[in-house]
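# A closer look at the structure
In case you want the letters, here they are:
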Amino acid sequence: MIAFITGANRGIGLYQTKYFLADGDTVIATYRHEAEASELFALRKEYEGRCHIIQGDITLDDDVERFKIFAEEFVPAIDILVNNAGIDIEQDNPGIEEVTIDLLEQVFAVNTLGTVRVCKALIPLVRKSLLPTRGLIANTTSGIGTMSATVTMTRYGYMMSKASINMLTRVMAFEYAESGPTVVAWSPGWVQTRLGTSAATYTLNEGGRRNVTTLKSITRDQSGKLIDVSGEEWSF
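Every value quoted in this text rests on a predicted model; they were computed, and no experiment measured them. (Residues numbered from 1 in each chain as written. Predicted model: local features only at pLDDT ≥ 70, side-chain atom pairs only at ≥ 80, totals over all residues. Heavy atoms only, no water.)

## Looking at helix α5 (residues 156-175)
In an α-helix, one turn spans 3.6 residues; hence positions three or four apart end up facing the same way. For α5, built from 20 residues, the straight-helix expectation of 28 Å at 1.5 Å per residue is met to within 8% by its first-to-last C-alpha distance of 28 Å. Within the span of α5, buried status applies to G157, Y158, M159, S161, K162, S164, I165, N166, L168, T169, M172 and A173. Next to the buried residues of α5 lie α4 (101-126), β5 (136-140), β6 (182-187) and β7 (226-228). (Helix = DSSP H or I, 4+ residues; strand = E, 2+ residues; numbered from the N terminus. Expected span 1.5 Å × (residues − 1). Buried < 20%, exposed > 50% of the residue type's maximum accessible area, 1.4 Å probe, protein only. Contact = heavy atoms within 4.5 Å.)

So this is what it looks like as structure tokens:
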């Protein structure tokens, strides 16, 4: 199996990479800052020939185009595309009068438009997958971005950007209903990352293992669904 994972230098993206590689799969992983990617470089050395890494920013057209060219050099197709890269910079829960338009634009540029940019570039490779899913695109979302969930905080940019990811997923699933790929909104669970904090449910190893196992279990008939790390389908 061939996976492509954005934002893989730390957190759940790094541990998704680790467990795909541990399963014998090939991974193409992206990172932004070399200074924060030492573990990813170590994985490339450990799994030489199966772990390919590339630096780039998903908010930049030229960088994402390089992702496509880079992937085409190493793999014939992408079986699973995990749009993991994202930011959450509103930990202090600003009110609507305090949150700035600049902050909202920054969050949407990464979480929403960055995901769209990666999908547009890599869908041709995903559609070459020979798996029954016809290729899987997992757009990372969050439970706090669902319209059905009780609102308990005011992280406007993050919450709205993840709600938009859910709609992006539904529309893409509609567009590709006949020919594929399979497209899901993917909730990786509350994991003990820098954003998830030490209070989270899963350690990084537990989260990484569960993420990879569940991603591999997703079926074609789940396209357009919101799926969490346990495999459960959530309401949007």
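Continuing now.
## Focus on the pairing of strand β4 (residues 80-83)
What you see with β4 is no split at all: I80 and V82 on one side and L81 and N83 on the other are buried throughout. Relative to β4, strand β1 (residues 2-5) runs parallel, the two sharing three bridges. Across the sheet, the residue bridging to I5 is V82, located in β4. (Pairing = 2+ DSSP bridges.)

## Brief notes about the sheet that holds β1
Working definition: the strands of a sheet are paired by backbone hydrogen bonds and lie parallel or antiparallel to each other. Across the sheet, which stays open at both edges, the eight strands sit in the order β3-β2-β1-β4-β5-β6-β7-β8 with mixed pairing between neighbours. Each edge of the sheet is formed by a strand with only one pairing partner; in this case those strands are β3 (51-55) and β8 (233-234). Lying over the sheet, helix α1 (residues 11-22) contacts β1, β2 (26-31), β3, β4 and β6, oriented at roughly 170° with respect to β1. Along the sheet, helix α3 (residues 61-74) contacts β1, β2 and β3; its crossing angle with β3, the most-contacted strand, is approximately 160°. (Axes fitted to C-alpha atoms, helices over the stretch in contact; angles between N-to-C directions.)

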